[in-house]
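The residues making up each chain are set out below.
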Amino acid sequence: MSGDADIVVVHHPKGAVALVWVDLSVGAVVTTHAGLRNTLRRGLRDWAGQIVQTRDGHIFLSAVYDHFFLKGYRVHWFSAPGVIGTHPSYRV
């Protein structure tokens, strides 16, 4: 992924950390956590309670942030310039 990437970082209470971002080169949401992939594929509710799907791109990232924030997880949003090359990564 090139350019600035918006990344949502989700901290699980048991210590796991997952990154979620939109890979602009393939137009897909990607995560570093295999188990989270299934949750994300079902879609998430945004702050207004509407179901948002991965195809909604950056709007979906906002829904990821809202979903986990409302469940009490520590969540961070940041932008990073350059290429994100994390392994493993899973296309949602």
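Please read these numbers as outputs of a predicted model, since none were measured by experiment.

## Some remarks on the overall build of the chain
When you go through the chain residue by residue, the secondary structure sums to two helices and seven strands. For the chain, the sequential pattern of α-helices and β-strands runs β-β-β-α-β-β-α-β-β. The C-alpha atoms of the chain give a radius of gyration of 12 Å, which matches the 12 Å a tight globule of 92 residues would have. In terms of overall dimensions, the chain has a C-alpha envelope of 30 × 30 × 20 Å along the principal axes.

## Structural notes on a nonpolar patch on the surface
There is a patch of nonpolar side chains on the surface, built from Trp47, Phe69 and Leu70 and spanning about 380 Å² of accessible area. Topologically, phenylalanine 69 is positioned in helix H2 (residues 58-70).

## As for the nonpolar core
Ranked by size, the top nonpolar core spans 17 residues in total, and within it Val20, Leu40, Phe60 and Val64 carry the most contacts. Elements represented by at least two residues in this core include exactly strand S1 (5-11), strand S2 (17-23), helix H1 (34-41) and H2. When residues in this core are grouped by element, the largest group, five residues, is from H2. In this structure, phenylalanine 60 is in contact with Val29, Leu40, Gly43, Leu44, Val52, Gln53 and Thr54, ignoring residues within four places of it in sequence. In terms of nonpolar packing, the next biggest core, distinct from the first, is built from six residues, Ala5, Ile7, Val9 and Ala80 among them.

## Considering the sheet that holds strand S7 (residues 90-91)
A sheet is described by the order of its strands in space; here five strands give the open sequence S6-S1-S2-S3-S7, paired in antiparallel fashion. This sheet does not close on itself; its edge strands, each paired only once, are strand S6 (74-80) and S7. The sheet strands contacting H2 are S1, S2, strand S3 (28-31) and S6, and the helix crosses S6 at an angle near 155 degrees.

## A word on H2
End to end, H2 covers 18 Å across 13 residues, agreeing with the expected 18 Å (1.5 Å per residue, within 8%). Regarding H2, the residues found buried are Phe60, Leu61, Ala63, Val64, Asp66, His67 and Phe68. Backbone geometry just after H2 places glycine 72 at a positive phi near 90 degrees.

## A few points about the side chain of histidine 67
Looking at the secondary structure, you find histidine 67 in helix H2. If sequence neighbours within four positions are ignored, histidine 67 has contacts with Leu44 and Arg45.

## Looking at the packing of aromatic side chains
Scanning the model with the defined rule gives two aromatic pairs in all. With 6.1 Å between their ring centres and 15 degrees between their planes, tyrosine 65 and phenylalanine 69 make a pair best called stacked. Within this pair, tyrosine 65 and its partner phenylalanine 69 are both found in helix H2, separated by four residues, close to a single helical turn. With a relative accessible area of 24%, tyrosine 65 lands in the partly exposed category.

Quick notes on the rules
Residues numbered from 1 in each chain as written. Predicted model: local features only at pLDDT ≥ 70, side-chain atom pairs only at ≥ 80, totals over all residues. Heavy atoms only, no water. Helix = DSSP H or I, 4+ residues; strand = E, 2+ residues; numbered from the N terminus. Rg over C-alpha atoms; globule rule 2.2 N^0.38 Å. Patch = residues over 30% accessible without salt bridge, like charges linked within 9 Å, V, L, I, M, F, W, Y side chains within 5 Å. Areas by Shrake-Rupley, 256 points an atom, 1.4 Å probe, with all protein chains shown as cover. Salt bridge = Lys/Arg side-chain N within 4 Å of Asp/Glu carboxyl O. Core = buried A, V, L, I, M, F, W, Y, C linked by side-chain atoms within 4.5 Å. Buried < 20%, exposed > 50% of the residue type's maximum accessible area, 1.4 Å probe, protein only. Contact = heavy atoms within 4.5 Å. Pairing = 2+ DSSP bridges. Axes fitted to C-alpha atoms, helices over the stretch in contact; angles between N-to-C directions. Expected span 1.5 Å × (residues − 1). Phe/Tyr/Trp six-rings, centres within 6.5 Å; stacked < 30°, edge-to-face > 60°.

All we've got here are geometric facts, nothing functional implied.
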